[in-house]
Amino acid sequence: MEIAGVFGPAGDEGLIREYITEKIKDIADEIRVDAMGNLIALKKGSGEGKRVMVAAHMDSIGIMVTNVEKEGYLRFATIGGVNPQVLVNQKVMFKNGIIGVVTSEDKNASSLYIDIGAIDDADAKNMVSFGDYGVYYAPSAELANDVIASPYMDNRVSCLVAIEALKRMKNVKHDVYFVFTTQEEVGLRGAKAAAYSVMPDIGIAVDVTGTGDNLSTNKHMAVRMGAGAAIKIKDGSVLCHPKVKAMIENIARENEIPYQLEILEYGGTDTSAIQLTGAGIPAGAISIPARYIHSMSETVSLSDVEACITLLTKTLESDMVL
């Protein structure tokens, strides 16, 4: 999945924004970039409907260089929800293509550093600078049964869902603002600004969600990979508007789209930022089930991705009566 490999950690989303712009420039009626770096693409409706905001964050978690040791090793801070223990002995890549290996001097998470092969600090500073961003460096892999594992499915797979829905929409009454948001991983920041600008009547976020079908974590979660699109009831940041949730569920049922209901007891999504804009906006979310979130091997089923594309498309084509 090409989109997952495009550089774009929270705060440095320029390359992924350019990539998405190329994909939608011939199908959106208007495209603009706001002060937060959000990419906002409008697909105009017939003028008889509502203002709808679809949010899919295009940023990812990452790291940032904070210091260079005299031996040439890099100290770093994490950007977003990075588990330092997951990083040990893994590769990271900087925007300029420099690759390094994360290791630890004493198996303590606070003592992690990056080895980029530098001879000393002067050599290292010729390759990277303070404040440079880095991301996980690992190839995508196709597993059995149309399952894909890759860094940054969170949330590039949702950007793909939004792009495909924009392509497939037909005879839409509503003005639909597809917003590819920035800095979600560090506090839903881009969506807050974008929602205030768009001020939609209804908001729908698209993001990944955890599952309860692996052997190590979240066994109490009802969501399963391969069981269809997940329609959010709540997560750690939001209680979705019940009428928006019911509307999306009815559309899934009427169109025989495989779906499941989602309750995520941690984390947050752009749904919350939209919901709390102005005097309040009815908001809900469609989620792609994903295993191993915030790791080098975030894993999704292509059948779930297709179900989410179809559900989002059919929702935007509906009358959206709450």
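Residues numbered from 1 in each chain as written. Predicted model: local features only at pLDDT ≥ 70, side-chain atom pairs only at ≥ 80, totals over all residues. Heavy atoms only, no water.

Participant: Can you help me understand the overall build of the chain in this one?
Facilitator: If you tally the helices and strands in the chain, you get eight helices and 18 strands. For 322 residues, the compact-globule formula gives about 20 Å, and the C-alpha radius of gyration of the chain, at 20 Å, lands near that figure. With the C-alpha coordinates of the chain rotated into their principal frame, the extents come out at 65 × 40 × 35 Å. Evaluated residue by residue, the chain yields a buried proportion of 51% over its 322 residues. Partitioning the intrachain contacts of the chain with sequence separation of at least 6 by distance along the chain shows that 73% fall at a separation of at least 24. Here the chain displays about 13,600 Å² of accessible surface, and carbon together with sulfur accounts for 49% of that area. One finds the centroid of the 30 positive side-chain charges in the chain at a distance of 4 Å from the centroid of its 42 negative side-chain charges. (Helix = DSSP H or I, 4+ residues; strand = E, 2+ residues; numbered from the N terminus. Rg over C-alpha atoms; globule rule 2.2 N^0.38 Å. Buried < 20%, exposed > 50% of the residue type's maximum accessible area, 1.4 Å probe, protein only. Contact = heavy atoms within 4.5 Å. Areas by Shrake-Rupley, 256 points an atom, 1.4 Å probe, with all protein chains shown as cover. Lys, Arg positive; Asp, Glu negative; His and termini not counted. Charge placed at Lys NZ, Arg CZ, Asp CG, Glu CD.)

Participant: So what exactly am I meant to see when it comes to the packing of aromatic side chains here?
Facilitator: Where two aromatic rings form a pair, the distance of their centres and the angle of their planes describe that pair. Evaluated as defined, the whole model comprises two aromatic pairs. Ring geometry for Y136 and Y152: centres 5.5 Å apart, planes at 10°, overall stacked. With Y136 in strand β9 (residues 133–136) and Y152 in the loop between β11 (147–150) and α4 (153–168), this residue pair connects regions lying 16 residues apart in the sequence. For the pair Y136 and Y152, a shared accessibility class is recorded, and that class is buried. (Phe/Tyr/Trp six-rings, centres within 6.5 Å; stacked < 30°, edge-to-face > 60°.)

Participant: Could you clarify how one ought to interpret the side chain of S295 in this entry?
Facilitator: Positionally, S295 belongs in the loop between β17 (283–289) and β18 (298–301). Among the polar contacts listed, one links the side chain of S295 to the backbone nitrogen of S297, at a separation of 3.0 Å. (Polar contact = N/O pair within 3.5 Å; in protein donor to acceptor, adjacent residues only side chain to side chain.)

Participant: Help me understand helix α6 (residues 242–254) in this model?
Facilitator: Residue pairs three or four apart in sequence face the same way in an α-helix, which turns once every 3.6 residues. Taking 1.5 Å of rise per residue, 13 residues should cover 18 Å, and α6 covers 18 Å from first to last C-alpha, within 8% of that figure. Of the residues making up α6, those classed as buried are V244, M247, I248, E249, I251 and A252. Against the buried residues of α6 lie β14 (229–235), β16 (259–263), β17 and α8 (302–317). Of the residues one or two after α6, E256 is the one with positive phi, at around 55°. (Expected span 1.5 Å × (residues − 1).)

Participant: Looking at this structure, how should I read the environment of K25?
Facilitator: As for its position among the elements, K25 is in the loop between α1 (14–24) and β1 (30–33). Take K25: its relative accessible area is 41%, and that puts it in the partly exposed class. In this structure, the C-alpha to C-alpha distance between K25 and A41, residues 16 residues apart in sequence, is 8.6 Å. Of the polar contacts made by the side chain of K25, one reaches the side chain of E22; its length is 3.1 Å.

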